[in-house]
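Now for the letters of each chain:
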Amino acid sequence: MKTHAQAVVIGGGVIGCSILYHLTKMGWTDVVLLERDELTSGSTWHAAANIHGLHDSANISRLQHYTMNLYKELEAETGQSCGVFQPGSLYLAQTEAREHQLKLQAAKAQLYGMNFAEISREEAEEKHPLVNFDGVRCIMWEPDGGNVDPSGVTNAYAMGARQKGAEIYRFTPVTATTPQPDGSWIVETPKGNIQTEWVINAAGLWGREVAKLAGIEVPLQPTEHQYFVTETIAEIDGMDRRLPSVADRDGEYYLRQEGKGLLIGAYERDMRFWAEGGTPLDFAHDLFADDLDRIMENVMRAMDRVPLAAEAGIKRVINGPMIWSPDSNVILGPVPELKNYFMCGGIIPGFSQSAGMGLMVAQWIIEGEMQYDMFPWDIARFGLWANDRDFVKAKVEDVYAHRFAIHYPNEEREAGRPLRTRPVYQMQKDMGAVFGLNYGWEHPQWFAETPGTKDTNGFTRQNWWGPVGEECKMLRERAGIIDISNFAKYRVKGPGAEEWLNSVFANRMPKSLGRSCLTPLISVRGGIAGDATVTRVAEDEFWIVSSGMAERYHKRFFDMVPLPEGTTFESRTEAMCGFNVAGPKSREMLQRLTNTSLATEDFPFMRSQQIELAGVKCLALRVSFTGDLGWELHCTTEDQARLYSALLEAGKDFGAGPVGARALMSMRIEKGYGSWSREYSPEYYPHEVGFAPLCKMDKEFLNKAAAEAAMAAPLREELVLIHLDEADVTASNADATGGEPIRDADGAPLGRVTSGTYGYTVGMSLALGYVKAGTVKAGDAVQVMVLGRPHGGRILHEPPFDPKGETLRA
């Protein structure tokens, strides 16, 4: 057995073998996989192994598309059959909302060159004559859909990796993983120890147990899951071709041909957890007792859709374990608190995503970053707060029972909440706040007239649309108070603070006390890893404000640059809260609460001061994400309620009140401001987002060479602001929300929307998005595929609100 390796993959399921294969494919041949039992033990061997390409996330669609295409290449490369059947897949919509979802996916498929398009009922009946299509509003066809053989795929990955030099040790459980001072790890097994640069936890059902060996917790929970295979159906036996699979997600089941019968599976509402206290170490190719009564409602809907299924006997039942994350997405990436420890767990559609996942892991480990922005998969999207077991169970129960539910734009799921709240939570709730979840925190999205009101959900305008408009108008005409406590806040203090910040961020740090700067954080490939406002609050102290949901993600970048001796970096996100008070009356309103002059000449834009407001000490920053005149006010968490009460009381005389995050979204788009994870991400380069002037190339900073190379290349895409045609928007009762394709006036694909909303105070439905560089200019007509249908639009030459920044700097 080897004693040294570049990487050790723990887990011999389909994902572990894919990671091993892709590491070798990218040139790392000194790699090892350790499997505690036989390959495919755990969830892999009993998977239904369906494959499909389309997903609501464009990048996940890309990776699923890559996976589907790789299987036949893998067969040719290794000589090992993957058991690929691709007779196609039919996607059915029984509701208007599902029709909207499928038509939007079809529009995205055209943009990304994927095969997914609407067909008629007659065409569908020809493809699958056993299906009763009554009640179906819309049918989509994916010709590459189908299924694979779980064992065949896993062994093909393993064979491909071995052919390139990897070694696989079966029946070799890992008993310890011990970090070394140089950043490497010792992986202990009964057969010997291996010292390795990287540990990759792909242990599947045992991912929690393997993580604990490294001293970490991960938010994962197994459940039971059932499907069954029917006896031979004569009509299928008599066919000379394979039938396509059926995705009837409104019916909450899946169905495809298996042998000469049908495979039917379901995600039932009456779900069952398994192994809450830990996955048994002696579990391998095991199953649970059948419990078909639990899924019978779903099965009956499947039999209504394919009546012949009701006449067939059951050949076998599979009731096996799956392991879930709180949002049903994979937990992927280097653990930010550890050196060279990679987590990859909680994979549900493993055979649709296995190759894409293996490729992303290999890219990240070998090249330092993935080619796509995969934050929806990143372990860093969850803080350590997410390891709360009650939270994990509630979330997993919700995502399992609603596996096929539509995830709407702006949807907020209530399971497991509230988990983290601020002192003003109850006060906001009593005022009618409707909350969302932001990195575990409850955060006001909008304020309803009646406390206890809940969001409605859909692709069209919902119950919050009107009230959010009133909040926007209140702030733009008078003033508004926005809770910004969810922003990430950091303090860097010490003699080397300025030096360290200049080494991390691309912009030059402010020299003068009280000055602020906006600065990008550059990713490994030269894209935008983040953006922050940095303020000098003392000679040796700086205050950083950045994206709250990216706090654990950004830790990786901050840790890349060692702190100078005597200098400290501290997260203040939990210890500090904040409010943005903005609008034309904000200065007059705040002046009543402080003796500090807020006049423009005393407190200009992009400046800060330590002030007292109603007796509460605050760091006041003259900035506002609304694009209006305003201040950010940061106080201790203990003082939050006192400050909020004072602001609300002072606002009464000015007709000012609380404003939520959805109104902030609308106003920042009226101003043309981008937002991290939407307009700003590692996929976009500084000159493509307008950040080139903020990258000071005459100094050193993190990943400068990558930024320099990226900006030396021609523009790939341009960020544009689009005004959608009012008649089209009114007819559909829907605005763009993000992800919709952008086409030129003739319907040719140009790009996609990154953020969309109605601009209430400018009277425009607006969309921010990226288009191919040089394809359009200001004033040009375009189409935006809202609800998957073309909506006319025009490229704006400047933001509709305060384009010259006069209000902002007033």
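Residues numbered from 1 in each chain as written. Predicted model: local features only at pLDDT ≥ 70, side-chain atom pairs only at ≥ 80, totals over all residues. Heavy atoms only, no water.

Section: the packing of helix α1 (residues 14-25) against helix α5 (residues 150-163)
Packing of α1 against α5 leaves a shortest axis separation of 8 Å and a crossing angle of 30°. By the angle class used here, α1 and α5 are roughly parallel. In terms of crossing hand, the pair formed by α1 and α5 is left-handed. In this structure, α1 contributes Val-14, Cys-17, Ser-18, Leu-20, Tyr-21, His-22 and Thr-24 to the contact, and α5 contributes Val-153, Thr-154, Tyr-157, Ala-158, Gly-160 and Ala-161. Residues that form the contact of α1 with α5 fall into these classes: 8 nonpolar, 5 polar and no charged. (Axes fitted to C-alpha atoms, helices over the stretch in contact; angles between N-to-C directions. Helix = DSSP H or I, 4+ residues; strand = E, 2+ residues; numbered from the N terminus. Parallel < 35°, antiparallel > 145°, perpendicular 65-115°, else oblique. Left-handed = near helix turned anticlockwise from the far one by under 90°. Contact = heavy atoms within 4.5 Å. Nonpolar A, V, L, I, M, F, W, Y, C, P; charged D, E, K, R; others polar.)

Topic: the nonpolar core
Counting 51 residues, the largest nonpolar core has Ile-19, Leu-23, Tyr-71, Tyr-157, Ile-200, Leu-332 and Cys-344 as the members making the most contacts within it. Among the elements of the structure, β1 (4-10), α1, β2 (31-34), α2 (58-78), α5, β11 (192-201), β18 (341-345) and α9 (350-367) are those that each provide at least two residues to this core. Top contributing element to this core by residue count: α9, with 9 residues. Beyond its immediate chain neighbours, meaning those up to four positions away, Tyr-157 contacts Val-14, Cys-17, Ser-18, Tyr-21, His-22, Leu-70, Tyr-71, Leu-74, Ser-354 and Ala-355. Judged by nonpolar contacts, the second largest core, of 37 residues, contains Cys-517, Leu-521, Ile-528 and Phe-558. (Core = buried A, V, L, I, M, F, W, Y, C linked by side-chain atoms within 4.5 Å. Buried < 20%, exposed > 50% of the residue type's maximum accessible area, 1.4 Å probe, protein only.)

Brief notes about the sheet that holds strand β23 (residues 516-522)
Taken in spatial order, the 5 strands of this open sheet run β23-β24-β25-β22-β26, and their pairing is antiparallel. Strand pairing shows two members of the sheet lacking a second neighbour, β23 and β26 (568-571), which therefore form its edges. Sheet twist, expressed as the average angle between the axes of neighbouring strands with direction ignored, equals 25°. Of the pairings in the sheet, the one linking strand β22 (residues 488-493) to β26 comprises 4 bridges and is antiparallel in character. Across the sheet, Tyr-490 pairs through a bridge with Ser-571, a residue of β26. (Pairing = 2+ DSSP bridges.)

Observations regarding the pattern of salt bridges
Scanning the model with the defined rule gives 51 salt bridges in all. The residue Arg-121 makes a salt bridge to Glu-125 at a minimum N-O spacing of 2.9 Å. Taken together, the residues Arg-121 and Glu-125, both in helix α4 (residues 121-127) and 4 residues apart, mark about one turn of the helix. Glu-125 sits in the partly exposed class, given a relative accessible area of 31%. The shortest N-O distance in the salt bridge between Arg-305 and Asp-248 comes to 3.3 Å. Pair noted here: Arg-305 is in helix α8 (residues 296-305) and Asp-248 is in strand β13 (residues 245-248), with a separation of 57 residues, a long-range link. Connected via shared salt-bridge partners are Glu-224, Glu-268, Asp-291 and Arg-294. (Salt bridge = Lys/Arg side-chain N within 4 Å of Asp/Glu carboxyl O.)

Remarks on the pairing of strand β15 (residues 261-266)
Summarising burial for β15: 6 of the 6 residues are buried, a large majority. Here strand β12 (residues 221-230) runs beside β15; their pairing, made up of 4 bridges, is antiparallel. Each residue of the ladder has a partner; that of Gln-226, found in β15, is Ala-266. Where strand β14 (residues 253-258) and β15 come together, 6 bridges link them in antiparallel fashion. By the bridge assignment for β15, Arg-256 is matched with Leu-263. As consecutive antiparallel partners, β14 and β15 are separated by 2 residues, and within that stretch Gly-259 has a phi angle of approximately 60°, a positive value.

Structural notes on helix α10 (residues 389-401)
Compared with the 18 Å implied by 1.5 Å per residue over 13 residues, the 18 Å span of α10 between its first and last C-alpha is a close match. Along α10, the positions that sit buried rather than exposed are Phe-391, Val-392, Lys-395, Val-396, Asp-398, Val-399, Tyr-400 and Ala-401. Close packing links the buried residues of α10 with β12, β15, β16 (314-324) and β19 (433-438). The opening residue of α10, the one whose side-chain oxygen lies 3.2 Å from the backbone nitrogen of Asp-390, is Asp-388. (Expected span 1.5 Å × (residues − 1). Polar contact = N/O pair within 3.5 Å; in protein donor to acceptor, adjacent residues only side chain to side chain.)

Things to note about the sheet that holds strand β27 (residues 576-582)
One open sheet holds the 6 strands; their spatial order is β28-β29-β30-β27-β21-β31, and the pairing between them is mixed. At either end of the open sheet lies a strand with only one pairing partner, and these are β28 (608-613) and β31 (657-659). Strand-to-strand, the axes of this sheet are offset by a mean angle of 35°, without reference to chain direction. Packed on one face of the sheet, helix α12 (residues 465-477) meets β21 (480-483), β27 and β31 and runs near 120° to β31. The sheet contacts of helix α16 (residues 640-652) involve β21, β27, β28, β29 (616-621), β30 (630-636) and β31, and relative to β27 the element is tilted by about 10°.

Comments concerning the packing of α12 against helix α17 (residues 661-670)
One can describe the packing of α12 onto α17 by two numbers: an axis separation of 9 Å at closest approach and a directional angle of 60°. Considered as vectors, α12 and α17 are oriented oblique to each other. Between α12 and α17 lies a crossing whose hand is right-handed. Contacts between α12 and α17 involve Val-468, Glu-471, Cys-472, Leu-475 and Arg-476 from the former and Arg-662, Ala-663, Ser-666, Met-667 and Glu-670 from the latter.

Notes on unusual backbone geometry
Cis geometry marks the peptide bond from Arg-417 to Pro-418; its omega dihedral reads 0°. With respect to the secondary-structure elements, Pro-418 resides in the loop between α10 and α11 (425-430). The phi dihedral of Thr-40 is positive, around 80°, even though this residue is not glycine. Summarising the element assignment, Thr-40 is placed in the loop between β2 and β3 (50-51). Given the relative accessible area of 6%, Thr-40 is considered buried. One non-glycine residue, Asp-802, adopts positive backbone phi at about 45°. Tracing the backbone shows Asp-802 in the segment after β37 (789-795).

Some thoughts on α8
Structurally, the α-helix is built with 3.6 residues per turn, so residues lying three or four positions apart point the same way. For α8, the set of buried residues is Asn-298, Val-299, Ala-302, Met-303 and Arg-305. The arc that holds the buried residues of α8, viewed along the axis, is 155°, so those residues lie on one side. Residues of α8 that are exposed and angled more than 90 degrees away from the buried face: Glu-297 and Asp-304. Of the surrounding elements, those touching the buried residues of α8 are β4 (89-93), β12, β13, β14 and β15. (Arc of directions from axis to C-beta.)

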